Amino acid sequence: MKLDLFDYSLPQKLIAKFPLKERSSSSMLVMDELGNISHRMFTDLLDFLNKGDLLVFNNTRVISARLLGKKDTGGAIELLIERVVKNKVAYALLKSNKKIKLGSRINFVGGHHATVLERKQKLFLISFSSNVSKIIEDIGELPLPPYIDREPIQLDSERYQTVYASESGAIASPTAGLHFDESMLRELQNKGINHCFVTLHVGSGTFKPVKEENILDHDMHAEWISIGNDACDLILATKKNEGRIVAVGTTSLRAIETIGRKNELKPYEGDTDIFIYPGYEFTLVDMLITNFHLPKSTLLMLVCAFSGYTEIMAAYKEAVDNDYRFFSYGDAMLLNRNSNARFNIPS
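In this report, we go over the structure that sits alongside the text. Owing to the predicted nature of the structure, the values given are computational and were not obtained by experimental measurement. (Residues numbered from 1 in each chain as written. Predicted model: local features only at pLDDT ≥ 70, side-chain atom pairs only at ≥ 80, totals over all residues. Heavy atoms only, no water.)

## Focus on helix α6 (residues 298-307)
- By the criterion of burial, α6 is predominantly enclosed, with 10 of the 10 residues buried.
- Its buried side turned inward, α6 meets β1 (27-31), α5 (250-260), β16 (287-291), α7 (309-321) and β17 (332-336).
- Downstream of α6 by one or two residues, Gly-308 has phi in the positive range, about 105 degrees. (Buried < 20%, exposed > 50% of the residue type's maximum accessible area, 1.4 Å probe, protein only. Helix = DSSP H or I, 4+ residues; strand = E, 2+ residues; numbered from the N terminus. Contact = heavy atoms within 4.5 Å.)

Structure, rendered in structure tokens:
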């Protein structure tokens, strides 16, 4: 399965650099199970959901994981904390003009400092002089995605978080959830649409481009997930009562499909490196709310697996033609699972 199959042309002007004034005011491209497309607003979501359906939200919270420091030599260095291992130890991505040596000391404002201990593939194990959470609180910056291509502003501290974010640990937002505001959540509840929370701490790998010509050679990154008893019970009850499971974002989908493929729905806490591409047979999710994804990305491959390769690529072209806003601060899609998608494998 060739990587170029998942490429598309996107004008730079369609990349959303800032959020809209209101969370729920985005456009929404809707695709039914046969691939038919309609153009709606996100506030129309309730028209497509029924009493007894279950929305699965990812309640991860983005941390201020970007740290700017200097080496003892005076050279600038940037850290992006990927995962906290212990109170004072974390894995991080490092960016520097020169090769980073093990044992190097990094100095931060406020008297904080850190030492590079070892390297694991593209990540470095870093020992900090204070608790990582304290350093993040003191000097950390919100890590906006690279395609936004600007420094974070005060607005981002609110709008790059979902209104239900509660579990700190992500370095990128589960952006499908950014469209929901408190008013819409109340309307969903009043209609009898249920919800539950899972946690997937989005890592830097979400922006990692696939480089292998054959996508099956791609080394999928691991991310930490937690799915509790309440979520499992609600998913099972919804299925039993013939309601639909609606994943809010690819992160929620990947989390529950991780436990779904184990053939028995039980609470789980640990890593997932599930890679979903055309040919995958879904076990739990019936509908997916998502944003538009980067060309040649694993997330574009996921939605092609969910709703059909031909159908998704046609939808993306139509979205471009209709000036939809793309990526994290962009517009939404509401996708129904195409049961025939796994038989429609591009070659």
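## Some points on a positive patch on the surface
- On the surface, a cluster of positive charge is contributed by Lys-99, Lys-101, Arg-119, Lys-122, Lys-208 and Lys-211.
- Summarising the element assignment, Lys-208 is placed in the loop between β12 (194-200) and β13 (223-227).
- Here Lys-208 falls in the partly exposed class, since its relative accessible area comes to 33%. (Patch = residues over 30% accessible without salt bridge, like charges linked within 9 Å, V, L, I, M, F, W, Y side chains within 5 Å. Areas by Shrake-Rupley, 256 points an atom, 1.4 Å probe, with all protein chains shown as cover. Salt bridge = Lys/Arg side-chain N within 4 Å of Asp/Glu carboxyl O. Lys, Arg positive; Asp, Glu negative; His and termini not counted. Charge placed at Lys NZ, Arg CZ, Asp CG, Glu CD.)

## A word on the pattern of salt bridges
- Scanning the model with the defined rule gives 16 salt bridges in all.
- Of the charged contacts in the structure, one is a salt bridge between Asp-271 and Arg-83, with a shortest N-O distance of 3.0 Å. Linking Asp-271 in strand β15 (residues 268-272) with Arg-83 in strand β6 (residues 76-86), this pair joins segments that are 188 residues apart in sequence.
- Residue Arg-83 is classed as partly exposed on the basis of its relative accessible area, which comes to 31%.
- Lys-239 is the salt-bridge partner of Asp-286, the closest N and O atoms lying 3.1 Å from each other. Of the two residues, Asp-286 sits in the loop between β15 and β16 while Lys-239 sits in helix α4 (residues 229-240), which places them 47 residues apart along the sequence.
- The exposure class assigned to Asp-286 is buried, which follows from its relative accessible area of 16%.
- Salt bridges linked by common partners bring Arg-66, Glu-78, Glu-141 and Glu-151 together as one network.

## Some thoughts on the packing of α5 against α6
- Here α5 crosses α6 at 70 degrees, and the two axes come no closer than 11 Å. By the angle between their directions, the pair α5 and α6 is classed as roughly perpendicular. You can see that α5 and α6 cross each other, and the crossing is left-handed. Facing Thr-250, Leu-253 and Arg-254 of α5, the residues of α6 in contact are Leu-299, Leu-302 and Phe-306.
- Looking at the contact of α5 with α6, its residues break down into 4 nonpolar, 1 polar and 1 charged. (Axes fitted to C-alpha atoms, helices over the stretch in contact; angles between N-to-C directions. Parallel < 35°, antiparallel > 145°, perpendicular 65-115°, else oblique. Left-handed = near helix turned anticlockwise from the far one by under 90°. Nonpolar A, V, L, I, M, F, W, Y, C, P; charged D, E, K, R; others polar.)

## Examining the sheet that holds β12
- Strand order in the open sheet formed by 9 strands is β2-β1-β17-β16-β14-β3-β12-β13-β15, and the pairing between neighbours is mixed. Either end of the sheet is taken by a strand with one partner, and the two such strands are β2 (37-41) and β15. Averaged over all adjacent pairs, the angle separating strand axes in this sheet is 25 degrees, with direction ignored.
- Pairing between strand β3 (residues 54-58) and β12: 5 bridges, direction parallel. Following the sheet pairing, Val-56 is matched in β12 by Cys-196. (Pairing = 2+ DSSP bridges.)

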